[in-house]
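Breakdown of the fold
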Amino acid sequence: MTLSEKDQRYLWHAYTQHKTSDTPIAIVKGKDALLWDENGNTYIDAIASWWVNPYGHSNERLARKAYEQLTSLEHVLFGGFTHQPACDLAEALLKILPKNQSKVFFSDNGSTAVEVAVKIALQYYYNHGEKRTTFIAFEEAFHGDTFAAMAVSGISLYTTAFQDQLLKVVRIPIPEKGQEEACKQRLLEVIAQEKCAAFIFEPLVLGAAGMRMYAPEVLDELIQICREHQVLTIADEVMTGFGKTGKTFACDYLKQMPDMICLSKALTGGTIPLSATTTTEAIYEAFYSDDISKALFHGHTFMANPTGCAIALESLKILAEEEMQANLKRIHARHVTFADKMDKHPKVARTRTLGVIVALDLKVPDTGEYYGAIRNELYRFYISHGVILRPVYHTIYILPPYIITDKQLDRVYQVVEESIAYLSQKGLI
Ligand SMILES: *Cc1c(COP(=O)(O)O)cnc(C)c1O
């Protein structure tokens, strides 16, 4: 059996209707921005393998750290025990996070980081003897696929089957240009009508919704409103964290500081799963008591895995180095040039850029279909041209590893342009 045949016999993939989807491509090797499949074809990983891999595939420095840690202390339980990599990573994260952040709770992935934040928000009020159970989130937000994370997510294809079993969440519009006032008004209404525990948001960029962007100024106002009404704020930086927006965190663009922050994806440089939920001292204090029932009864077997923590520490070093910071600026400058060009394209409705992210919306009727015909046509075009891009709705976006070369990036831009010409020729746009 080939790998693809074996896969079809035994495996079940993410977000996949196996009856109608293409056979998955079997990847056998990765180096820097490139991946190789079992037939020797190469692909430029232009979305950093779902936004996790900034420093390149099979990074030697991270591999060395993993080996050193695996051969000294690979893992130890995190109930009643602690270890150097967790202490050092927590200290290093708190040094670079907004200065109100004071405690770090580790878990395994973005969804669990959100799950923990949601549970902390609920229990924070419970411990204070106050009943506040409604959450506020953006329309089309994405916060993960476990139950609480799914509840605060707004992509209906992902959540409809579970609609009746979810937490109470009220949605407010994404404060994109022109929608700022509507968003603020809706937030004030919701706070007046409901007993709200927390507002959770993807700061500045809603990734899974198609890299929808909004300004830091309006987010500052939303956080301020929440603060005035004792509604906790949770910044889900799972996608935006570690340089994607041009700064280390999207929250670095803000004057206000959220009460909690969720981190994962690029935390370990795209190597192994690890995540963190960070909180203020005031939140931690609501759980700090002689009464055991006030404690946060949440844990994961592999939480604070030493190997993950050691790799994450090295990843933070790589990100801070001049070379990587120069890469962020280089990619952003090139994206701006590309976006300016595409803005004039007759088939492009609008473009946007922030940090290493560039997105463009095609001029097509919005069918609201997450995996519609145009999207599938584009996806196949990219794969057959050796580029990994996953358009959403009518949005094409690029979020490359920071070490992508200029030549590779030019190739990605070129293939995007060719894909639009191809759709035009086929009469699809
Ligand atoms: C990917 C993502 C998540 C979920 O992370 P997983 O590791 O896939 O569970 C949560 N929030 C945001 C903003 C994300 O982009």
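Residues numbered from 1 in each chain as written. Predicted model: local features only at pLDDT ≥ 70, side-chain atom pairs only at ≥ 80, totals over all residues. Heavy atoms only, no water.

Re the environment of Ile 234
By secondary structure assignment, the location of Ile 234 is in strand β10 (residues 232-236). With relative accessibility at 0%, the residue Ile 234 sits in the buried group. Sequence separation of Ile 234 and Gln 123 is 111 residues, and the distance between their C-alpha atoms is 14 Å. (Helix = DSSP H or I, 4+ residues; strand = E, 2+ residues; numbered from the N terminus. Buried < 20%, exposed > 50% of the residue type's maximum accessible area, 1.4 Å probe, protein only.)

Quick look at the UniProt feature "binding site: pyridoxal 5'-phosphate" (unreviewed entry) in the chain
Per the UniProt entry, the sites bearing "binding site: pyridoxal 5'-phosphate" (unreviewed entry) are Gly 110, Ser 111, Asp 236, His 300 and Thr 301 in this numbering. For the annotated residues, spread through 192 residues, the largest C-alpha to C-alpha distance comes to 22.8 Å, inconsistent with a single compact locus. The class of Ser 111 is buried, set by a relative accessible area of 12%. On the secondary structure map, His 300 appears in the loop between α10 (281-285) and α11 (306-320). Judged by relative accessible area, His 300 falls into the partly exposed class, the value being 22%. Here His 300 is in contact with Ser 107, Asp 108 and Thr 112, once residues within four sequence places are set aside. (UniProt positions renumbered as here; feature names shortened; annotations may be inferred. Contact = heavy atoms within 4.5 Å.)

Brief notes about the packing of aromatic side chains
Evaluated as defined, the whole model comprises 15 aromatic pairs. Ring centres of Phe 199 and Phe 201 lie 4.9 Å apart, and the angle between their planes is 45°; on these two criteria the pair is classed as tilted. Classification of Phe 199 by relative accessible area gives buried; the value is 0%. Taking the relative accessible area as the measure of exposure, Phe 201 reaches 0% and is therefore buried. Measuring from centroid to centroid gives 4.2 Å for Phe 338 and Tyr 413, while their planes differ by 15°, and the two rings are stacked. Of this pair, Phe 338 sits in helix α12 (residues 322-343) while Tyr 413 sits in helix α14 (residues 406-425), placing them 75 residues apart in sequence. The burial state of Phe 338 is the same as that of Tyr 413; both residues are buried. By way of ring pairs, the aromatic residues Tyr 15, Trp 50, Phe 142 and Tyr 158 are connected into one cluster. The positively charged end of Arg 132 is found above the aromatic ring belonging to Tyr 125, 5.1 Å away from the centroid. (Phe/Tyr/Trp six-rings, centres within 6.5 Å; stacked < 30°, edge-to-face > 60°. Lys NZ or Arg CZ within 6 Å of the ring centre and 35° of its normal.)

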